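Take a look at the letters that make up each chain.
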Amino acid sequence: MGNKQKQKMTPQQQQYQKLEQKHEIKRPVLKNCVKAFFVGGLICLIGQAITYFYIAFFNFTEQTAGNPTVATMVFLSMLLTGFGVYDRIGQFAGAGSAVPVTGFGNAVISAAIEHRTEGFVLGVGGNMFKLAGSVILFGVFSAFIVALIKTLLITWGVI
């Protein structure tokens, strides 16, 4: 808090501010980072195992196994969210479960579950795509910009 804001505070507000800081619970940042790292790594390890499964049993290549792997991971996270398991994982791991693609699946299906009482079209469909729509939009737009830059660099002979 800046000095100007402290000067505008009454003595009673300043006293309350000191009391609040004294009783504030310190967040275990390092512990949270370690949990997020290991849970996120475990999610990525599962994704890699699924990739190898597709390569071994369905004759995909390393390049073509990515799309079904992502679809499988999103489906699994949606299934786990429906059973209430992914929410517990998210409470434990924080960003470790939200950053991978499974966090996207969790966010989409959570909105659908939350608004199911409003009906399938306006409740589930309308609220499910609030998050998914913006993620897809920015993903497609980012891919377009990167492809445009790559095309220009190839045309100019830089790469």
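To start, this report covers the structure provided alongside it. (Residues numbered from 1 in each chain as written. Predicted model: local features only at pLDDT ≥ 70, side-chain atom pairs only at ≥ 80, totals over all residues. Heavy atoms only, no water.)

Things to note about the environment of Leu 137
Part 1 of the argument: Examined against the element boundaries, Leu 137 turns out to sit in helix α8 (residues 120–155).
Part 2 of the argument: Classification of Leu 137 by relative accessible area gives exposed; the value is 53%.
Part 3 of the argument: Separated by 94 residues in the primary sequence, Leu 137 and Ile 43 have C-alpha atoms spaced 25 Å apart. (Helix = DSSP H or I, 4+ residues; strand = E, 2+ residues; numbered from the N terminus. Buried < 20%, exposed > 50% of the residue type's maximum accessible area, 1.4 Å probe, protein only.)

Regarding unusual backbone geometry
Part 1 of the argument: Phi at Asn 59 takes a positive value of approximately 55°, unusual for a residue other than glycine.
Part 2 of the argument: Looking at the element boundaries, Asn 59 is found in the loop between α3 (29–58) and α4 (66–82).
Part 3 of the argument: Asn 59 sits in the exposed class, given a relative accessible area of 70%.

Some remarks on the packing of aromatic side chains
Part 1 of the argument: Across all of its chains, the model carries six aromatic pairs by this definition.
Part 2 of the argument: Taking 5.0 Å as the distance between ring centres and 45° as the angle between the ring planes, the aromatic pair formed by Phe 53 and Phe 57 counts as tilted. Taken together, the residues span about one helical turn, with Phe 53 and Phe 57 both in helix α3 at a distance of four residues.
Part 3 of the argument: On the basis of an interplanar angle of 75° and a centroid distance of 5.7 Å, the ring pair of Phe 53 and Phe 58 is categorised as edge-to-face.
Part 4 of the argument: Judged by relative accessible area, which is 39%, Phe 53 ranks as partly exposed.
Part 5 of the argument: The rings of Phe 53, Tyr 54, Phe 57, Phe 58 and Phe 60 are connected pair by pair, giving a single aromatic cluster.
Part 6 of the argument: Geometry around Phe 92 places Lys 35 over its ring, the cationic atom sitting 4.7 Å from the centre. (Phe/Tyr/Trp six-rings, centres within 6.5 Å; stacked < 30°, edge-to-face > 60°. Lys NZ or Arg CZ within 6 Å of the ring centre and 35° of its normal.)

Notes on the nonpolar core
Looking at soluble globular proteins, one finds that nonpolar side chains tend to be buried together.
Part 1 of the argument: Membership of the largest hydrophobic core is limited to eight residues, which are Val 39, Ile 43, Ile 50, Tyr 54, Ala 65, Met 73, Tyr 86 and Ala 93.
Part 2 of the argument: Elements supplying a minimum of two residues to this core: α3 and α5 (85–93).
Part 3 of the argument: A total of four residues in this core trace back to one element, the largest contributor, which is α3.
Part 4 of the argument: Contacts of Ile 43, omitting those with residues within four sequence positions, involve Met 73, Tyr 86, Gly 96, Ser 97, Pro 100 and Thr 102.
Part 5 of the argument: Membership of the second largest hydrophobic core comes to six residues, among which are Ile 109, Ala 112, Met 128 and Ala 132. (Core = buried A, V, L, I, M, F, W, Y, C linked by side-chain atoms within 4.5 Å. Contact = heavy atoms within 4.5 Å.)

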